[in-house]
Structure formats: structure tokens, C-alpha cells
Amino acid sequence: MADSQTQAPTALSPEHQRLAEADQGQQPWRKWGPYLSERQWGTVREDDSPDGNAWESFSHDQARSRAYQWGEDGLAGISDDHQRLCFALALWNGKDPIIKERLFGLINSEGNHGEDVKEYYYYLDSTPTHSYMRYLYKYPLNAYPYDDLVATNKARTRYEQEYELIDTGIFDNNEYCDVEVQYAKAGPEDLLIQITVHNRSAQTVKLAVLPTLWFRNTWADGSSPKPLISRRSSEAGPAMLDAAHPELGMFTLTCHGADELVFTDNETNTERLFQQPNQSPYTKCGINRYVVHGETAAVNPAEQGTKAAAIYNLAIGAHASSTIRLRLSQSVTETYTSDAAQGFDQILERRQQDCEAFYACVMPAGLSTEQQLVFRQAMAGMLWSKQFYNYDISPWLQQRGIDPLGDNNAQSFRNQQWHHMNNCDVISMPDKWEYPWYAAWDLAFHATTFVWLDPSFAKQQLSLMLSNQYLHPNGQIPAYEWNFGDVNPPVHAWATYVVYLADERLSGKGDYQWLKRSFHKLLINFTWWLNRKDVNGNNIFQGGFLGLDNIGLFDRTESPEMGGSLEQADGTAWMAFYAQTMGQIAVELAQQDDAYRDYPAKFMRHFLAIAYAMTNRNASASMWDEEDGFFYDVLRKSDGSSTRLKVRSMVGLIPLCAVQVFEKDAKEQYDLWGIARQLQAKYPDHRGSFHDVRLEGHASRYMMSALNENNLRRVLKIMLDPDDFLGEYGIRSISKRYESEPYRFVHNWQEYVVRYLPAESDSGLFGGNSNWRGPIWMPVNALIIRSLVVSFTYYGKDFKVEFPTGSGQMANLYEIAENLAHRLVSIFTRNEAGLRPVFGSQQTFQSDPHWQDHLLFYEYFHGDNGAGIGASHQTGWSGTVANLIHFFSLFSQDEVLARGPAGTATMGQRVS
């Protein structure tokens, strides 16, 4: 345990200064960044099909020839924050049927476990303003096996492993190049670009590298003038592309040492795709046709257009490297003339040093080399996963013949009820290939990590979801573009409170106005939950799948088809947690504004009513099973009968997360316990079923929890049992007992079965590309750890349980939390055998020096061996592992007890 009193730097790092200049509106340091998607095709935004089949409507094969409407994608790409001008990399090895302009992957119907990117690329470094970034792509030297990947995966069943790119043998004998891309800003709108191609093979290779500049097509509908890219006339010096945009202004791409410049237009090749004449002779795929097929007529001899590339024909010797340098800058005199005047290498080196200095300020002292690697690459993945997201629903509906304000017999048309939405922002994505659209609860977790790096960005991300362009007028927070009306767990208030406290400790002053604005919008959303998801008004909540996809016996969004309604233990627990957190925020606000004095009591009432309903309502059909000592969903049938769905899953562990601890002064100032006395006096027979909020704990603290001490011990006994939830690498999403004895449930003569599946799903529920029936999921594990730490501030060191269950060893809640955090971190760090569990059995990843230290932060992890599964770049919430490294490196259990709930709420933020 490192000393928590790590010394703050005597002066801000240069990157901190850039953040301050951006926050104060002095310089637009955040304007340019990695805002290109990695897959714009196959998205809802680009879908123009009548049946909503986005994957089939706009394919990877079409993407090279068809102009996008709502965004752009590319390889290692960047753009401005409205994605008007884009830059990315393209490659050709002389053997592929197409140039590599974008990442390839399987669509949902092609993969035996749903959609999946089939490429290897890594986010290696980035600063928050993207003043320095580093990216790595592994490019095979032989023809990419497009057909083999599709055919082999399509032929495999859900019970078989996926067929990966490395399984094809294309990387055998190191027949590939590492393509490293670095960006460094000399000024806010002056970007240096260095592309280094490392030949890993034992033979000389020829490779075409095509840095590409283009405009997003915003002119097709005639609403804006068409921009232009042209060659700058110059008899001497490097080749230059001038890009003139009516809003963005003039930018120049300087291409040192380019062999050739080629031009086309970002227009659809309607002749190829739809057998209709092209409106322009030069189309989006023109450069591909020129390079691969030698079609000179495909590029514009006038050397102008809306898409252009510099061609570098490289011959690289065995195990050698070749470097390309470019510079994208405003064609005006920059403010930062001293930097701009320096040499390319000096600026690049300075930005690398700035990046190191920034993380020296952010990371706690005493981290091991392995912990530093995990922390830095988790942060890099978070920062590279920003994307410009553009979706204006009203015109999108109109283009599809749907009246946004009418029914047209199409009430079920996707997102029709969200016609108010107009999203046009840089947003943190779950995964820019597999999930290139925001998801509300993912974003909440992202913000709790981003706050360490860029508090302003973290606050802005949370504010977006509550703004008028996102939040539905009825108060619902949008879920995700496939169905904005779906429901994610309500963790937005928790993330808001965490970010507020972290920002307060980092800056020395809390952003009270931001918290107040957020509270008012959250109050609307909280009311939406009460009105829409508590169907019978009895403080029992639904919500459907609630982010847990296939965890239930059946699709939980379709419970009416089961002949009743599903009362959800997780949905109800999330609302208990929501009420607790809103109470905490209200206490914070009331300290400065007496107008909020009544709100802590309001949310205390909500919490107590929900806790009572969870644990006491009609004991024979309560979510709490007294015999098992666990929470379950309840299927309440239309005839009034009810049945507990007794699946031991994460659904029954979420109630652990519904815990908040208050200091003594909050109780006294807002008479919270007077309210507790009144309510509990009404239910004298059930006072012991959930925690008595009047009981004083360590340091005269008070706690709101749906679990009293006895029930907490019972749930922990199950959770910490290796035969149930406790895995070597974290808490599993479902009990391992179902591996040998699956849970079976018969309803209406149909049998439903749940098995423990530690890896991929064998079900097609929710597309079949994720699995909550066994694997370890980082975000819910992090919330469980948080709940243990918070509970520890109430119970203190003397409250101990057996850990692991059956071991005979006792541990307090902090010690258990720390141990669970270590298990999660160890997914990524080398074990005693020198192996990283995240890489599983893939020996190239484990032992090859060019692969072994490049980490991927997967969507979820194997319940037994920790191998990464699902979306390979879901750093957004798997990156929360950095929170765990940070927190347990800084705070011993004595310090946690001393700081109390406010000190632990940030779960890893530097505390002054």
C-alpha cells in the first residue's frame, strides 16, 4: 500500500495547462481528436431499410463506395469536433482485393456469437487534449482472408469458439507489419503526424501507405456549399493539399516525401452499388480503384475533389522500418509560432515528454511496472474511444417516410417517439467498432474514470444525457440508438455524485452549479422511473433486460408473454440506490441552499419504501428469499399468484450495491431519522428485515441499506463461495453451481434452462454477442467493491466474514474489497508463469515481444480463467480497472475509516 499522501506537483504539467486553456475558452485544444468512428456502416443512423436490418442495409463491402450521411470511419483516424474534415490511414500490401481503409468484422448473422471485429489494433497512449496520441495496427502482408473468416465463423455453432484472424495463420512467420501512428499538436489546430511502418518479417516487403484527407459529405442534400481539396501549386518543397471548408476555414496537409497525390470525391458510386449512373465521375472508391486496379480514370486529373490521398510506395527491408511525416494545420499564422517553428522531431519529443509528465501527476506513486502498464493503456483506450456522434432523428424519420409527429400506422418504427433528439457531439463510446453508439449506463461508468484525466469532459458527458437534445420530455434518459426507449440501469446520479466529489478534490472547489443543474434533471428522470416502471405503485420496479442481456430465464423485456409481470430484484435495487444517491446530492446542495432542505427527507422516504417492498412485501412472494438468503426476480401472474425465479445471478447481488453511509451531522440537520422512526413505527413487524437506519455505526455514522447485518452476511456467504460466484478473477455473473446442475423452470408446458457458461453465450438473446450467464463483468464488480468499501466505513474493522466461504479464514469488508480488486487487476498483469490471463491460451499474444505488452480491455472475461471475451475494445467500462488500481494504491483501511463516505465516494480519485 503506497503512502496516500502522494505529493502534488509543484507546478501543473503542460497538459494540465492546455486543459485549463481549453476550459477557459482561451484555446480550442480539444477541437481535434480521434473522433472518427471505427465502423459507421451497419449502424442505425445509416440504415435505410424498411425492416430496420441495419447490418444488411449498409455493409462493409458497400462502405468503400457509398458515402455516409451521419458520420465517418477510418483507420487510426482523427477529425475536428464536428467531423467536417477527416484524416485517416489507408494501406495496401499489393495482394488484398481492396485497400485497407477501415476495420473489417463480421455482422451479427455471420458470427457464431454475433458481430465481431477481426483485426488487431491497439490504443497505446493519449493525453486528454490529444496533444499526443499513439496507435498501433497490425497489417498482414498476405491477402486478408475476408471470405475464410465469414465462411468459417458462419459454419460454427454457438457451442464452438470463434474463428479469429490469428487462427487463419496469416501472422505465421511474422508476415506482417506493425504500423504505428503518432499525433502531436504544435498548436490547437496544428497537428504533426508520424507513421512508422515496422516490417516484422524476414523478407523485404513493398507496401503502399496512403494518408487520406476528406470531407464528410454534408452537401448532398443541398443545404451547404461543397468544400474542396486541391493540390497547392509549388515548384519546390513538399507536396501539399489545401482543404477549404466554408465553416472550418482553410487547412493544409503537408506530405513530406510523397510519391504521388490523388484526388476523388466523397460521393456514392451508384453505378457499382445500384446500377444507376453516377452523378460524378469521381467517387468514394476512386482511390481504391486507382491503386488496386490501375484505373487512372477513377481519380481526378484536375487534382481536386473532396477526398485526396498522398501515396507513399515503400520498400522496407527485413526487420527494418520506414517513417512518414505529415502535418495538418490551419493555413494561417498560428499563435504558437515558437513551437511551430521548431523541427518536427523536437515537437514530437516534447509532446511525448508532456504526456509522461501528465501521467506522473495522475498516477499514484508506488505502482509496479505492470500496474503502470495497465493504468496507462486503460486511460489511452478511454481517450481513443471518443467519437463524433451525429443523429438528428426528425429528418432521419422523414427520410424514411415517417411523420415524426404522426402515427402513419408506424408507432413501432425505431425511435419515432424520440423525434426531439438532435445529437451532434463528441461522446465516449463503449467500443468504436462493436458499439459505435453511446449507451447511457456505459457512459456513466466512463465519466467516473474520465474525471481523473479531464474533469470538464467527464461533467460534459453526463450533462449531455440530461440536456434537452437528449433527455426525453417525459424524463427518460436515452438508452442506445437501436432503441432509445429501452431502459438502462439508473446509475447516472451515482456517476454525477462521484464526478462532483472527485472534481472537488482535484480542483479544491466543487462545481455546485453543475451539481444543482444535474439534480433538477435527475429529479425528472427519477420521477419518470416512479411513474413508468413501478406499474402498480407498490415500489417494485421493472425495466426489462436492464443491461444484463441474457441473464434471465427468458427475455425480461417480454415478461407479459409469460402471462404476467416481472418484478425485478435488480431494477428495484437500482431504484433504492438511485434514491440513496439523490439523498446524498440533496444533502450536499442543502448545505449551501436552504431550498433543498426537504429533499433529503423525500429520498429517505423513497428508499425506506423500496427497501420494505424488496424484503417484506408478502413474504411468500417477496424478492428476498428467507430460506435461501438471496434476492430473486418474481413472476407475478395475472391470476394473482406469484413465483420466485430462483436463479442465483448478478440480479440477486445488485441489492448489495444499494448502500450509502451518512455522517452524523446529516442526520441531525435534516431530521432523517425522525422520518425513519415514523415509517418504521408503521411496520413494527418488519423492522428487522432491512437495515434499521437509526442504528449508529463506526464514528457515529448511519447507513441506508436493504440488507441488515444478518442478511448481509448471508448474501456474502453465497457471493464469496468459489462454488457459486467467487472466481479467481472476480465475481461471476451467475453461480458456477449451474455448470453441473442447470437451473430449470417449467411454465405453460415449456422448460426454460439456465446453465453456467463461463465464456460465450449459447443463446441468441439480444443478438447473442454478449453473455451474462457466467463471465466476469468489470462495471458490476466495481460497484460491488464500492459497496463493500462504503459498508466498511459503517461497520468498521471488527465486522468480518469467512473469505473465501469454506476456507475458515476471516476478513473484514475492506480486505475483501481489496482482494476482489486484486483479482480483477490480475486479469491484465503477468502471473507467476509470466502469462496474462486476458490473453487466454493464445501463445502469440502471451510470448511474442511484439504482442505481449499490448493490452485489450474486453467487454467481459471468462468466469474461470479470466480470458478476454466479447467486444475487444470496450475500454470504456473495463477501463474502470484503473479506478481500482488508483484507489487501493492510495487508501489503507485506516484512511478509509477516517475519511468516511465522502472520501470513499470517489473510489480512487486523488484526495488533497
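Residues numbered from 1 in each chain as written. Predicted model: local features only at pLDDT ≥ 70, side-chain atom pairs only at ≥ 80, totals over all residues. Heavy atoms only, no water.

Caption draft 1: Summary view of the overall build of the protein chain. On a plain count of helices and strands, the protein chain comes out with 26 helices and 34 strands. Here the C-alpha radius of gyration of the protein chain, 28 Å, is about what a compact globule of 912 residues would show, namely 29 Å. Considering only C-alpha atoms, the protein chain reaches an extent of 90 × 65 × 60 Å along its principal axes. Within the protein chain, buried positions represent 65% of all 912 residues. Intrachain contacts of the protein chain at a sequence separation of at least 6 include 70% that bridge at least 24 residues. Only carbon and sulfur atoms are counted for the fraction: they give 45% of the accessible area of the protein chain, which is about 31300 Å². (Helix = DSSP H or I, 4+ residues; strand = E, 2+ residues; numbered from the N terminus. Rg over C-alpha atoms; globule rule 2.2 N^0.38 Å. Buried < 20%, exposed > 50% of the residue type's maximum accessible area, 1.4 Å probe, protein only. Contact = heavy atoms within 4.5 Å. Areas by Shrake-Rupley, 256 points an atom, 1.4 Å probe, with all protein chains shown as cover.)

Caption draft 2: Representation of unusual backbone geometry. A cis amide bond links Phe 803 with the next residue in sequence, Pro 804, at an omega value of -10 degrees. With phi around 50 degrees, Asn 748 is a residue other than glycine that occupies positive phi space. Within the secondary structure layout, Asn 748 lies in the loop between strand 29 (743–747) and strand 30 (750–754).

Caption draft 3: Inspection of the packing of aromatic side chains at higher detail. Throughout the structure, instances matching the rule amount to 66 aromatic pairs. Note on Trp 55 and Trp 433: the rings are 6.5 Å apart at their centroids and 35 degrees apart in plane angle, and the pair reads as tilted. Within this pair, whereas Trp 55 is found in helix 2 (residues 54–57), its partner Trp 433 is found in the loop between strand 19 (422–428) and helix 11 (440–453), the two being separated by 378 residues in sequence. Trp 433 matches Trp 55 in its accessibility class, with the two residues each being buried. (Phe/Tyr/Trp six-rings, centres within 6.5 Å; stacked < 30°, edge-to-face > 60°.)

Caption draft 4: Broad picture of the pattern of salt bridges. Under the criterion given, the structure shown has 55 salt bridges. Measuring nitrogen to oxygen at the nearest pair gives 3.1 Å for the salt bridge that ties Arg 376 to Glu 356. Pair noted here: Arg 376 is in helix 9 (residues 369–384) and Glu 356 is in helix 8 (residues 344–362), with a separation of 20 residues, a long-range link. Arg 376 sits in the buried class, given a relative accessible area of 12%. Accessibility expressed as a relative area gives 45% for Glu 356, which makes it partly exposed. Each of Glu 15, Arg 18, Arg 351 and Asp 354 takes part in one network of salt bridges that share partners. (Salt bridge = Lys/Arg side-chain N within 4 Å of Asp/Glu carboxyl O.)

Caption draft 5: Quick peek at the side chain of Asn 488. Counting through the fold element by element, Asn 488 comes out in the loop between helix 12 (455–466) and helix 13 (492–507). On the basis of relative accessibility, which here comes to 10%, the residue Asn 488 falls in the buried class. Of note is the side chain of Asn 488, whose polar atom sits 3.3 Å from the backbone nitrogen of Trp 441. Beyond its immediate stretch of four places on either side in the chain, Asn 488 contacts Ala 439, Ala 440, Trp 441, Ala 479, Tyr 480, Trp 529, Phe 545 and Leu 546. (Polar contact = N/O pair within 3.5 Å; in protein donor to acceptor, adjacent residues only side chain to side chain.)

Caption draft 6: Geometry of the environment of Pro 281. One can find Pro 281 in the loop between helix 5 (270–274) and helix 6 (286–293). Sequence-wise, Pro 281 and Ala 297 are 16 residues apart; in three dimensions their C-alpha atoms are separated by 8.3 Å.

Caption draft 7: Looking closely at the sheet that holds strand 3 (residues 85–92). Spatial strand order, 1-2-3-10-16-14: six strands in an open sheet with antiparallel pairing. A strand with exactly one partner marks an edge of an open sheet, and here the two such strands are strand 1 (32–33) and strand 14 (260–264). Alignment of strand 14 against strand 16 (residues 307–316), held across five bridges, turns out to be antiparallel. Bridging across to strand 16, Thr 264 finds its partner in Lys 307. (Pairing = 2+ DSSP bridges.)

Caption draft 8: Expanded view of the sheet that holds strand 15 (residues 304–305). Spatially, the nine strands line up as an open sheet ordered 6-7-8-9-17-13-12-11-15, and their pairing is antiparallel. The open sheet has two edge strands, strand 6 (121–126) and strand 15, and neither has a second partner. With 10 bridges connecting them, strand 8 (residues 176–187) and strand 9 (residues 190–199) associate as antiparallel partners. Looking at the pairing, Gly 187 lines up with Asp 190 of strand 9.

Caption draft 9: Focus on the packing of helix 12 against helix 13. At their nearest, the axes of helix 12 and helix 13 sit 10 Å apart, and the two run at 155 degrees to each other. It follows that helix 12 is roughly antiparallel to helix 13 by the angle criterion. Crossing hand, helix 12 versus helix 13: left-handed. Contacts between helix 12 and helix 13 involve Pro 455, Ala 458, Lys 459, Leu 462, Met 465 and Leu 466 on the former and, on the latter, His 492, Ala 495, Thr 496, Val 499, Asp 503 and Leu 506. (Axes fitted to C-alpha atoms, helices over the stretch in contact; angles between N-to-C directions. Parallel < 35°, antiparallel > 145°, perpendicular 65-115°, else oblique. Left-handed = near helix turned anticlockwise from the far one by under 90°.)

Caption draft 10: Focus on helix 4 (residues 146–155). Every buried residue of helix 4 is listed here: Tyr 146, Leu 149, Val 150 and Asn 153. Looking down the long axis of helix 4, one finds its buried residues gathered within 95 degrees of arc, a one-sided arrangement. The exposed set on the far side of helix 4, more than 90 degrees from its buried face, consists of Asp 147 and Ala 155. Along its buried surface, helix 4 packs onto helix 3 (60–63) and strand 4 (105–106). (Arc of directions from axis to C-beta.)

Caption draft 11: Just the pairing of strand 12 (residues 239–245), in detail. Here strand 12 lies mainly inside the structure; five of its seven residues are buried. Pairing geometry for strand 11 (residues 228–231) and strand 12, over four bridges, is antiparallel. Paired with Ser 230 across the bridge in strand 12 is Asp 242. Note that strand 12 and strand 13 (residues 249–255) share seven bridges and pair antiparallel. The residue of strand 13 that forms the bridge with Met 240 is Thr 254.

Caption draft 12: Spatial organisation of helix 8. Here helix 8 contains 19 residues, and its C-alpha end-to-end distance of 27 Å stays within 8% of the 27 Å for a straight helix at 1.5 Å per residue. Every buried residue of helix 8 is accounted for by Phe 344, Ile 347, Leu 348, Arg 351, Asp 354, Cys 355, Phe 358, Tyr 359, Cys 361 and Val 362. Seen from one end, helix 8 has its buried residues packed into an arc of 150 degrees, which puts them on one side. (Expected span 1.5 Å × (residues − 1).)

Caption draft 13: Fine view of the environment of Gly 674. Tracing the sequence through the fold places Gly 674 in helix 19 (residues 672–682). Residues Gly 674 and Asp 242 lie 432 residues apart in sequence; the distance between their C-alpha atoms is 71 Å.

Caption draft 14: Geometry of the nonpolar core. Leu 653 and Phe 828 are the most contacted members of the largest nonpolar core, which totals 216 residues. Among the elements that take part in this core, helix 15 (residues 569–590) stands out by supplying 14 residues, more than any other. Once residues lying within four places of it in the same chain are set aside, the contact partners of Leu 653 are Phe 630, Val 715, Met 719, Phe 725, Ile 731 and Ile 784. Within the second largest apolar cluster, 56 residues are counted, among which are Ile 78, Tyr 123, Ile 193 and Val 197. (Core = buried A, V, L, I, M, F, W, Y, C linked by side-chain atoms within 4.5 Å.)

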